[in-house]
Amino acid sequence: MARQIEVYAYLILRGQAGRNIYGNGDQIIARGDDCHIGVNFPDATDRIILEEGPTGFIYRLTGALLDGQRHVDPVNAGSDMLCGIAIGKKVELPANGEVKISWSMGFDDQLDD
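Residues numbered from 1 in each chain as written. Predicted model: local features only at pLDDT ≥ 70, side-chain atom pairs only at ≥ 80, totals over all residues. Heavy atoms only, no water.

Trainee: So, the pairing of strand β2 (residues 20–24): which residues are in play, and what are the values?
Mentor: As defined by bridge partners, β2 adjoins strand β3 (residues 27–31) across 5 bridges and the pair is classed as antiparallel. Looking across to β3, one finds that Y22 is bridged to I29. Connecting β2 to the next strand, β3, in antiparallel fashion are 2 residues, including G25 with a positive phi near 65°. As judged from the 2 bridges shared by β2 and strand β6 (residues 75–76), these two strands associate in the antiparallel manner. Paired with N20 across the strands is N76, a residue of β6. (Pairing = 2+ DSSP bridges. Helix = DSSP H or I, 4+ residues; strand = E, 2+ residues; numbered from the N terminus.)

And the structure:
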């Protein structure tokens, strides 16, 4: 029997003052003054961006996933905050089968608008 599962790229970013973290299609971008981080998950349907707890234990992001909360508002990061990011989708996992999922993370010192 096939099952539907949720698959995510799941990251915690340490804040950089002035960094803006936002969703853009099937990616989440953390745009800073001197470094940009992009997380791409092809055909993503779910994106979560939220301020994580100060311990870095990812309990807020895990709770949001388990509760079905989808926070997608951009976050302006402070230098002392952690930001939780999850991007992914639901997939059908066939009985005794497999599903191939790919995601990527890129870093750059320039970001084209």
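Trainee: Kindly report on the sheet that holds strand β1 (residues 3–14), identifying the contributing residues and their values.
Mentor: The strand order across the open sheet built from 3 strands is β1-β7-β5, with neighbouring strands paired in antiparallel fashion. Here the strands that pair on one side only, and so sit at the sheet edges, are β1 and β5 (46–52). Taken over all neighbouring pairs, the strand axes of this sheet differ in orientation by 20° on average, direction set aside. One ladder, built from 12 bridges, connects β1 with strand β7 (residues 82–93); its direction is antiparallel. Bridge pairing links A9 to I87 in β7. Across the sheet, helix α1 (residues 59–67) touches β1, β5 and β7, and the angle it forms with β5 is around 145°. (Axes fitted to C-alpha atoms, helices over the stretch in contact; angles between N-to-C directions. Contact = heavy atoms within 4.5 Å.)

Trainee: Describe unusual backbone geometry, and please don't skip the residues or the numbers.
Mentor: The backbone phi angle of D43 is positive, close to 65°, even though this residue is not glycine. Mapped onto the fold, D43 is located in the loop between β4 (36–40) and β5. On the basis of relative accessible area, D43 is assigned to the exposed category, the value being 56%. We note that N96 has phi near 55°; this positive angle belongs to a residue other than glycine. Within the fold, N96 resides in the loop between β7 and β8 (104–108). (Buried < 20%, exposed > 50% of the residue type's maximum accessible area, 1.4 Å probe, protein only.)

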